[in-house]
Amino acid sequence: MLDERVMRIADGAVAGVTPSRSDIVHLLRFDPYSVEAAYVCARAREIGIRACGGRGFVYAQIGVDSTACPENCRFCSFAAVNTNPAEYDPSQVEVPIGRIVHYAKLFDDAGADLISLMATAGLDFDRYLDMVRAVRASVSDGAVIMANTGDLTFEQAKALREAGASVAYHALRLGEGEITDVRPIDRRRTMRYVRAAGLDLMTGVEPVWADADPIELSERICDIVEYDPFCVGACSYTEVEGADMGGRRPALTGFVRYVGALVRLTCGDAVPIGGIGGVAWVDAGCDPRNRGYGEDDATLRKKVASARQRLKLDGFAV
Ligand code: SF4
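Definitions and cut-offs
- Every chain begins its residue count from 1, and numbering advances along the sequence as written.
- With the structure being a predicted model, the display of local features is reserved for residues of pLDDT at least 70 and the display and counting of side-chain atom pairs for 80 or more, all residues being used for whole-chain, interface and lining totals.
- To obtain the side-chain values, all non-hydrogen atoms of the structure were used and water was disregarded.
- Comment: elements are numbered from the N terminus, with helices defined as DSSP H or I runs of at least four residues and strands as E runs of at least two.
- Remark: exposure states derive from per-residue accessible area (1.4 Å probe, protein chains only) relative to the maximum for the residue type, with buried under 20%, exposed over 50%, and partly exposed in between.
- Helix axes are fitted to C-alpha atoms over the stretch in contact, other axes to C-alpha atoms as well, and angles between N-to-C directions run from 0 to 180 degrees.
- With respect to orientation, any angle under 35 degrees is reported as roughly parallel, any angle over 145 as roughly antiparallel, any angle of 65 to 115 as roughly perpendicular, and every other angle as oblique.
- Take the far helix as your reference; a near helix turned counterclockwise from it by less than a right angle gives a left-handed crossing, and one turned clockwise gives a right-handed crossing.
- Contacts were defined at the residue level, with two residues in contact if any of their heavy atoms lie within 4.5 Å.
- Only protein atoms enter the 1 Å grid, on which a cavity is a set of points fitting a 1.4 Å probe that cannot get out and a pocket is an open set with protein on both sides within 12 Å along at least 5 of 7 lines, lining residues being those with an atom within 4 Å of a point.
- Grid points are joined across faces, edges and corners, and a volume is the space filled by probe spheres set on the points.
- Polar here means any residue outside two lists: the nonpolar Ala, Val, Leu, Ile, Met, Phe, Trp, Tyr, Cys and Pro, and the charged Asp, Glu, Lys and Arg; Gly therefore counts as polar.
- Two strands form a pair only when DSSP identifies at least two bridges running between them.
- Note on handedness: a crossover is taken as right-handed if, strands pointing away from the viewer, the path from the first strand over the helix to the second is clockwise.
- Regarding the arc, it is the one traced by the directions from the helix axis to the C-beta atoms.
- Two rings from Phe, Tyr or Trp (for Trp, the six-membered ring) form a pair when their centres sit within 6.5 Å of each other. Planes less than 30 degrees apart are called stacked, planes more than 60 degrees apart edge-to-face, and all others tilted.
- Geometrically, a lysine NZ or arginine CZ counts as sitting over a ring once it is within 6 Å of the ring centre and also within 35 degrees of the ring normal.
- By convention in this text, a residue qualifies as near a molecule or strand provided that one of its non-hydrogen atoms is within 4 Å of it.
- Side-chain atoms alone can form a polar contact between residues adjacent in sequence; in general such a contact is a pair of N or O atoms within 3.5 Å, and within protein one must be able to donate a hydrogen while the other accepts it.

Colleague: Kindly report on unusual backbone geometry, identifying the contributing residues and their values.
Modeller: The omega torsion of the bond from Glu 206 to Pro 207 falls at -15°, within 30 degrees of zero and hence cis. With respect to the helices and strands, the residue Pro 207 is situated in the loop between strand 5 (200-205) and helix 8 (214-223). In this structure, Asn 72 is a non-glycine residue whose phi angle is positive, near 55°. By secondary structure assignment, the location of Asn 72 is in the loop between strand 1 (57-63) and helix 4 (97-109). Asn 72 gets classed as buried once you look at its relative accessible area, which sits at 10%. Backbone geometry at Asp 228 places phi at a positive 60°, although glycine is not the residue there. Within the element layout of this structure, Asp 228 appears in the loop between helix 8 and strand 6 (231-234). For Asp 228, a relative accessible area of 43% translates into the label partly exposed.

Following this line, the structure appears as structure tokens:
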């Protein structure tokens, strides 16, 4: 017999009733592989499919630099605290603009639905604008460029839009200000500036670790919708060798999926994309997770094709 409150919350969300924070805390009590979690995920998928019209999206990400980053997110291999000064060469941290443009054109030609330019918070902002402008001038008119940078002023958010970006990624991370050197108030303000500047917002609950505090997690899950995003997600992190995460360990995949489903319950139909899948990522350039993927043209094209295939196999139209 399923927990009655779980059914009431999940069924209510399908009918348009937004779960409360205490509802989300209740749902977080269940094992991500329990029948209750399976029920929640199934109902969340119904909402998510309705919201996106059943369409899946391939998003491409280009890491544009690996500057030793002063924001010091402990989970990131680019954080200054995780950088070995003996191996760090400041003249080698930027991907040349010509290479960034090459990747962007390749992803555009291969049919990616969005091209993200991911920078560290240590990259000079004017330099980043040059990269956005160069990509805008090279890709097709309909290509969507997403900016992923450090915190922004309102003027910087507007400048990104004028340079040719139409979306920005930004998130208030779990443990912000504790496992990062970022002030939560700045993250929240940036998300508001993004929308005020006329950019669409992508955001998420990240990085999810095992045994994350349910109160903090429920806050992040429930607050997301108030920033008016068009796309949401949840993700864990890849452990960086030698990084001090205060004993935290990345969450199990099933738990991350469950958190994504809870995000979808709270967003309802208000957010078109994400939370339950429907987005597959391909990457090139600098990688803060040190995954070491191949980057020749054929490999990148193959990655876009296999991302599309994965979406199809998960029941999304591409
Ligand atoms: S996650 Fe981003 S802001 Fe944080 S250290 Fe890495 S590059 Fe800097």
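Colleague: Break down the packing of helix 3 (residues 35-52) against helix 9 (residues 253-267) for me, citing the residues and quoting the values.
Modeller: The N-to-C vectors of helix 3 and helix 9 enclose an angle of 50°; their axes lie 8 Å apart at closest approach. When the axis of helix 3 is compared with that of helix 9, the two are oblique. Where helix 3 crosses over helix 9, the two elements pack in a sense that is left-handed. In contact with Ala 37, Val 40, Cys 41, Ala 44, Ile 47, Gly 48 and Ala 51 of helix 3, helix 9 contributes Tyr 258, Ala 261, Leu 262, Arg 264 and Leu 265.

Colleague: Lay out empty space enclosed by the protein with the relevant residues and their values.
Modeller: According to the stated counting rule, one finds one cavity of 30 Å³ or more in the structure shown. In this structure, the largest cavity encloses a volume near 80 Å³. If you go around the largest cavity, the residues you meet are Leu 172, Met 191, Thr 203, Gly 204, Arg 220, Asp 223, Ile 224 and Tyr 227. Those elements that place two or more of their residues in the lining of the largest cavity are strand 5 and helix 8. A class-by-class count of the residues in the lining of the largest cavity yields four nonpolar, two polar and two charged.

Colleague: A description of the pairing of strand 5 should follow, citing residues and the corresponding values.
Modeller: Taken across its six residues, strand 5 has five buried, putting it largely inside the fold. The sheet contact formed by strand 4 (residues 167-169) and strand 5 spans three bridges and is parallel. Bridging across to strand 5, Val 167 finds its partner in Asp 200. As a crossover connection, the stretch from strand 4 through helix 7 (residues 184-196) into strand 5 is right-handed. Of the strand pairs in this sheet, strand 5 and strand 6 are connected by four bridges, and their pairing is parallel. Bridged to Val 205 within strand 6 is Ala 234. Following the chain from strand 5 across helix 8 to the adjacent parallel strand 6, one finds a crossover that is right-handed.

Colleague: Could you give an account of the packing of helix 1 (residues 4-14) against helix 3, with specific residues and numbers?
Modeller: Running from N to C, helix 1 and helix 3 point in directions that differ by 5°, and their axes come no closer than 9 Å. Taken together, the axis directions place helix 1 and helix 3 in an arrangement best described as roughly parallel. Contacts between helix 1 and helix 3 involve Val 6, Met 7, Ala 10, Asp 11, Ala 13 and Val 14 from the first element and Glu 36, Tyr 39, Val 40, Arg 43, Glu 46, Ile 47 and Arg 50 from the second. Taken together, the residues of the contact of helix 1 with helix 3 break down into eight nonpolar, no polar and five charged.

Colleague: How would you explain helix 6 (residues 154-163) if you had to name every residue and give the values?
Modeller: By the burial criterion, the buried members of helix 6 are Ala 157, Ala 159, Leu 160 and Ala 163. Mapping the buried residues of helix 6 onto a view down its axis gives an arc of 160°, with all of them on the same face. For helix 6, the exposed residues set more than 90 degrees away from the buried face come down to Glu 155 and Glu 162. Where helix 6 is buried, its residues touch helix 5 (125-138), strand 3 (145-148) and helix 7. Looking at the residues trailing helix 6, positive phi occurs at Gly 164, about 125°.

Colleague: Talk me through the packing of aromatic side chains; I want residue IDs and the actual numbers.
Modeller: A complete count under the given rule lists four aromatic pairs for this structure. Their ring planes at 75° and their centres at 5.4 Å tell us that Tyr 59 and Trp 281 sit as a pair that is edge-to-face. Pair noted here: Tyr 59 is in strand 1 and Trp 281 is in strand 8 (residues 279-285), with a separation of 222 residues, a long-range link. Between Phe 154 and Tyr 193 the ring centres are 6.0 Å apart and the planes differ by 50°, which places this aromatic pair in the tilted class. Taken together, the positions of Phe 154 in helix 6 and Tyr 193 in helix 7 put the pair 39 residues apart, joining distant regions of the chain. The class of Phe 154 is partly exposed, set by a relative accessible area of 26%. In this structure, Arg 248 is placed above the aromatic ring of Trp 209, and the distance from its NZ or CZ to the ring centre is 4.7 Å.

Colleague: Residues and numbers for the site of the ligand, please.
Modeller: Near the ligand the following residues occur: Cys 69, Glu 71, Asn 72, Cys 73, Cys 76, Ala 79, Thr 120 and Arg 173. For the shell around the ligand, the per-class residue count stands at four nonpolar, two polar and two charged.

Colleague: Can you break down the side chain of Ser 34 residue by residue, with the values?
Modeller: When you line up the elements, Ser 34 lands in the loop between helix 2 (21-27) and helix 3. Here the side chain of Ser 34 touches Asp 31 through a polar contact of 2.7 Å, landing on its backbone oxygen.

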